[in-house]
Structures are given as structure tokens and as C-alpha cells.
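Descriptive analysis of the structure
These are the residues of each chain, in order.
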Amino acid sequence: MKNKEIARVFESIANILELKGESVFRVNAYQKAARVLGDLTRDVEQLAAKDELIKLPGFGKAMVEKVREYLETGKMQRYEELKGEIAPELVQMLEIPGLGPKTIMLMRDKLKVETFADLKRVLGDRTLAALPGMGEKKVENLRRGYQLYLSARERMTLGVALPAAEEMVEKLRKVKGVKDVSLAGSLRRMKETIGDIDILASGTDGAKVIEQFTKQPQVQEVLAAGETKGSVRVEGGLQIDLRVVKPVEWGAALQYFTGSKSHNIKLRELAGSKGMKINEYGLFKGKRRVAGRSEEEIYRKLGLDWMPPEMREDRGEIEAAAKHQLPKIVELEDIKGDLQMHSTWSDGADSIADMAAAARKLGYKYILITDHSESLKIAGGLTSADVKKLLKEIDQVNRKLRGFRVLSGTEADVLADGKLDYPDKVLKGFDMVLASVHTRLEDPAAVTTARLIRAIENPYVRIVGHPTGRRFGFREASPMDIEKVMKAAAANDVALEINAHYERLDLSDVHARMAAEMGVKLVISTDAHSTAGLEMMRFGVAVARRAWLVPGQIINTWPLDKLLKWCENVKPKGR
DNA sequence: GCCGTTTTCGGCCCGACTGTTTTCAGTCG
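Below or above, wherever it landed, is the structure these notes cover.

The rules behind each value
Residues numbered from 1 in each chain as written. Chains lettered and ligands numbered in written order. Predicted model: local features only at pLDDT ≥ 70, side-chain atom pairs only at ≥ 80, totals over all residues. Heavy atoms only, no water. Helix = DSSP H or I, 4+ residues; strand = E, 2+ residues; numbered from the N terminus. Rg over C-alpha atoms; globule rule 2.2 N^0.38 Å. Buried < 20%, exposed > 50% of the residue type's maximum accessible area, 1.4 Å probe, protein only. Contact = heavy atoms within 4.5 Å. Expected span 1.5 Å × (residues − 1). Arc of directions from axis to C-beta. Near = heavy atom within 4 Å. Polar contact = N/O pair within 3.5 Å; in protein donor to acceptor, adjacent residues only side chain to side chain. Pairing = 2+ DSSP bridges. Axes fitted to C-alpha atoms, helices over the stretch in contact; angles between N-to-C directions. Parallel < 35°, antiparallel > 145°, perpendicular 65-115°, else oblique. Left-handed = near helix turned anticlockwise from the far one by under 90°. Core = buried A, V, L, I, M, F, W, Y, C linked by side-chain atoms within 4.5 Å. Salt bridge = Lys/Arg side-chain N within 4 Å of Asp/Glu carboxyl O.

Brief notes about the overall build of chain A
A tally of regular secondary structure across chain A gives 24 helices and 17 strands. By the compact-globule yardstick of 25 Å for 575 residues, chain A fits well, its C-alpha radius of gyration being 26 Å. Within chain A, the fraction of its 575 residues that count as buried is 54%. When contacts within chain A are restricted to residue pairs at least 6 apart in sequence, long-range pairs at least 24 apart make up 67% of them.

Below, the structure is given as C-alpha cells:
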């Protein structure tokens, strides 16, 4: 699938046009096209083959032509030309916080800045501050932005952002004069990675709340502090933005600051078409506020059902809400078991009995123990002889449990050729077999695709773990034809995992939705290596919610007997 | 560059904060 690849080209075009000072609307058009392509669950090549590109929102004649050109030639003439006009490092400078297109081009034209080395030079001397519209403070701000860019270019994972945000929310709840506090922004939408942390509070004296916010002990630097808005940097370089609104504006502000940006734009267009105006203070008809206290009220007055923050990405949720056809997406409470975890038998920290007890505390009815298989020696993979002992221990643990079941399983390593590293007679002994790839993650797409499909076709395999192998901050997803893999999973009734570890979240939201649309079953598993690791389930559920999944599509929302029946009924010929 | 039962041309989402200004530009979300 070349969706992401072409999206990146459009994004680059948008950036260059922005630097050139082209109409912001044209820039927006490219940005929108990039976003639509990036979110697409269907293969852009197939859409092109069916002449359906034009149906995509934001795709007119020019965009369609450019996609076609890229698919046919591997290049986009327009992009090739544009690349020659602006030095690539200038384009990259757009990522520096506080530095925008106007300043970048000013530096280029007046100070001959073309590279990061040049930027460093002008930030160090006095020439930049002397330019029109610039000044010492602005330059100081840019210096900080540049340092931040160097140190923290990666977006942070949910596992890092959420605890820091929740700590601040708890502190703010105790501040005098604060009524409501909530997460907002991409964190409330539970995006896979977070740029910065947005928190919203309501109260009558905004300036005082902001002041208290900036005085919290974990604050290292105050970036901005006004009447309604403050911004700080806390330990670890995380930026936290706080907005304070009046209680009467709470719902409108929460909606507004939750976003996403594209969701909000569409909402404002909708409001406009109904003769209303929406901003962070409310929904207005002329000067009259017709809604604002709650999100439900805002959406209702626009003719929409309220929708969970995870759905607000302008991926069809507004249209569905208008028709009252929003799916009832999965919730953490729907999860009845966890189907990937490791114990002391391989590289886990806790015993099977302890994992079971911890899972039970979470309200689960079953777990699947999936210690590593023989070839993954580095993780203490079990030999066939070990497996016999493992099964015995699981039996023993189960004998002491009522209303809870420990299922026996393995995270069988998928070998380079797609075979598993246990013989059939060992695989047969498990309640469920999970197969994962841990090696040769950078093989060519065709190789990895064939390897995964062979594993999926293995009659004992029920689940494929962390299917693409991505890890935030470590590596990209392995190249593969994901659609082919999903087709095989659908045909063989093998479930694909949404690995809930915040460094993986693999499948991604877009891929999970794509899988569900193709009729593939999914499973949300923590891959816990300790009892504490079981708590990551919420991150996986967030991905599922962002993928619009409903409980029935996720096998670990099923009751135990249904799950066991599914294990027995599928692939009858092979068993 | 896209889009249209108010339009095929003229719109295109809206406001806060900062720093440089003396009424506003740039950046951000």
C-alpha cells in the first residue's frame, strides 16, 4: 500500500508551498489530501484502478492526477520542481516550535540561512534580533525552540503522557476555585502518540488558576501564562497546556479543545450551514448562546449524537452521528480476558498463579499464558520438554480456581520461512496458539508477507501477535502487503492482535479498522511481562475504539465457552 | 486546490498569546 508514502509527498508539498507564501487555502488542500490518504483503510492503488479517487473528500482533478502520476512513475513532477526551490533543511525547520514559515524565509532572504548550521549561527549572534519584526525575546524563544527540537523530536507515547497528565489533573482538582478538570486534545482522543498535553479546567478566576498551575512542583519552565491560557514544561521535557473557561462554556470548550482539528473544522462548517457559529465559548445563533454547558448539548443542537473522543478524527463519525448510526464501540469493561502474557516460565517477572490472581482482580474470566517458544532463546523460550511441565502447572493452578480459567498457550516464533518452531504434536497440546514474528523484521515486503501468510495458514494458529512489528521510537512497521495478510487472516479465521503495550499499539487504529472491515477478528492483548503490565489494556482498547470496533469483533470480549468453541470449530481439517 | 439547492467564482474555522508594535504579525492549537 502506497497510501502513507503518497501522503508524505503531499505533506511535503504543503510545507514547501507554505514556505513560499502560497495561498493558505492551497496549502490546506494538500494537507487535507495528505491526511485523508493517511487515514484511508483502502489501498490507494485499488481506488485509482477503479477510478474512485475522485470520490475521496478533498480530492479534485489535480490531486487525482498527482496520485496517478506517482503510481505510474514513482514521482510527482510538481514535487520534484518544488524540492529544487527550497533547501530541504528549511522545510524541516518548520518542525521547530515557535518557528514558522515567515521567519524561516526572512532568515533565508536577509541572512542567507539555508541549513541547520546557518540557523545555529544566526541564533548565536546578534543579526537575527536586528531584523524587522524580530527582537531579543523572539530570538531567545527560538533558541529554546531549537534546543527542544534537538532534544525531543519524537512524539511521546501514551504510556509516558497519560501518567504525567493525570498527575497534573489531580493537582488541579484541588486548586481553589476550580470546578471541572479534564484531559483534552490528542490525549483525550487517546491518539497513539502525543505531541503535547492539553488540560482544560473551568472556574471563575482564570488568572489565579493559571498561576497555581505554573507553581506546581513538577513545573520546570513557564512558557506562557495569561488570563485563560497557560503553558509549562515539566520533567522529561513534556509540555502541558492548560485552558481555563467559565462553567457555562465548559462543554463548548471541552469539545473545542478535544478536537481533532479536522473534526472541529467540519463541525464549524456544519454550524455555519445551519446559521450558527461555534467556538470554544459556545454554539451561537447571532449573539445568543444556544449551547455550551455540556458536549452533549453542543452536538445535539447541531443535530448530532454525542460521540466518544476517540472517534473524533473526521473519519465519518459526523455523518454517522447525523444519521444516529454511530456504532456502540468497545469499552474496557467489555474485556473478559487477556490473551497474551508471559510468566516466569520464560521472560516474565511473575508466576502463572500471580498473573491469574492479578487478572482476576481486573474482573477478567480467563487468561492465556503465552510464554516464548524454543527458538527465542534470548527470552527464555521453552523447549518441548519444558512445555509438558508448563501444562502440568497450568492444570494445577486451574484446580485451585473457580469461575476463572488459565488457558495454555504459546507465543510461537514464526521462523524465517513461516513455519513455527514447535512440531505439531506440541502445538496440539495448547488451548490456543499465538504466533509472532521476532526476527528479520526488515526483510523485503514480499518475503514478510509470505512468511506471515504461511503462519496464518498453519492449522494450529489462532492469533497473530503484534502483526507489523512496529515500536515507537525504535522501528517502523515491517514492510509487507498488509491487505494480503488480512485477507489470509479472514479466510483462515485467524484473529489479529492489537498489542496494547504503548510502545507497540500494533495493529494501529487505521489497520485495525481496515481488518474489521475485511471481516477479520481482532484480539486486544497486553503482552504483559508482569502483573503490572496487565494494566496496559486500556491503551489497546483505545486503539480499538479509534478503529470503531464493537465488542463482537474482539474475541476477548467473548465469554469463555464461546471462545473455546471458536478455537475448536475453526480449521477442522487441520485438527 | 477544493467545492457548490443560496455559488462554476469566491469563498474557504476561529481565537489566544507573545513580542513587536501604536494597531498588528506570527505562531499555535
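Quick notes on helix H18 (residues 384-399)
Over its 16 residues, H18 extends 23 Å from the first C-alpha to the last, a length consistent with the 22 Å expected when each residue adds 1.5 Å. Regarding H18, the residues found buried are Val387, Leu390, Ile394, Val397 and Asn398. Along the axis of H18, the buried residues cluster in a sector spanning 95 degrees; they form a single face. Away from its buried face by more than 90 degrees, H18 exposes Ala385, Lys388, Lys389, Lys392 and Arg399. Buried residues along H18 sit against helix H17 (352-361), strand S12 (366-369), strand S13 (405-413) and helix H19 (424-427).

What about the protein's contact with DNA strand B?
Close to DNA strand B lie 43 residues; Gly98, Thr103, Gly135, Arg268 and Tyr281 are nearest. Sugar and phosphate atoms constitute 77% of the interface atoms of DNA strand B, taking the interface as everything within 4 Å of the protein. Within the contact set of DNA strand B, a phosphate oxygen lies 3.2 Å away from a backbone nitrogen or oxygen of Lys102. The contact in question runs from a phosphate oxygen of DNA strand B to an N or O atom on the side chain of Thr228, over 3.0 Å. Listing elements by their share of the surface near DNA strand B, those giving two or more residues are helix H2 (24-39), helix H4 (61-73), helix H7 (101-111), helix H9 (136-151), strand S5 (219-225), helix H14 (261-273) and strand S8 (277-279).

With respect to the sheet that holds S5
Pairing is mixed across the open sheet formed by five strands, whose spatial order is S2-S4-S7-S6-S5. The two strands at the open ends of the sheet, each matched to only one other strand, are strand S2 (178-184) and S5. Neighbour-to-neighbour, the strand axes of this sheet turn through a mean angle of 20 degrees, independent of strand direction. Across five bridges, the pairing between S5 and strand S6 (residues 229-234) is antiparallel. When the sheet's bridge partners are listed, Ala224 is paired in S6 with Ser231.

Thoughts on the packing of helix H1 (residues 3-20) against H4
Relative orientation of the contacting elements H1 and H4 amounts to 125 degrees, with a least axis distance of 11 Å. Taken as axis vectors, H1 and H4 run oblique relative to one another. Taken as a pair, H1 and H4 cross one another with a handedness that is right-handed. Contacts from Glu5, Ile6, Val9 and Phe10 of H1 reach H4 at Met63, Lys66, Val67, Tyr70 and Leu71.

So, the nonpolar core
For soluble globular proteins, the rule of thumb is that nonpolar side chains tend to be buried together. With 99 residues, the main nonpolar core has Ile197, Ile199 and Val406 as its most contacted residues. Excluding anything up to four places from it in sequence, Ile197 contacts Met156, Ala161, Ala164, Ala165, Leu187, Leu238, Gln239, Ile240 and Asp241. Among the nonpolar cores identified, the runner-up in size contains 55 residues, and Leu37, Met107, Leu111 and Leu128 belong to it.

Quick notes on unusual backbone geometry
Here Gly259 and Ser260 are connected by a cis peptide whose omega angle stands at 0 degrees. For the peptide bond that leads from Asp506 to Leu507, omega is 15 degrees, which places it in the cis range. The residue Leu507 is located in the loop between strand S16 (495-499) and helix H22 (509-517) in this model. Within the chain, Asp314 stands out as a residue other than glycine whose phi angle is a positive 55 degrees. The backbone of Asp493 shows a phi angle near 55 degrees, a positive value even though the residue is not glycine. Residue position: Asp493 is located in the loop between helix H21 (482-492) and S16.

A few points about the pattern of salt bridges
Counting across every chain of the model gives 38 salt bridges. Close ionic contact of Glu52 with Arg42 constitutes a salt bridge, the shortest N to O distance being 3.6 Å. Taken together, the residues span a long stretch of sequence, with Glu52 in the loop between helix H3 (44-49) and H4 and Arg42 in the loop between H2 and H3 at a distance of 10 residues. Classification of Arg42 by relative accessible area gives partly exposed; the value is 36%. A salt bridge links Lys521 to Asp493; the nearest nitrogen and oxygen atoms lie 2.8 Å apart. Within this pair, whereas Lys521 is found in the loop between H22 and strand S17 (522-525), its partner Asp493 is found in the loop between H21 and S16, the two being separated by 28 residues in sequence. For Lys521, a relative accessible area of 22% gives the class partly exposed. Here the salt bridges do not stand alone but share partners, grouping Arg35, Asp39, Arg189, Lys266, Glu313, Asp314, Arg315, Glu319, Asp509 and Arg546 into one network.

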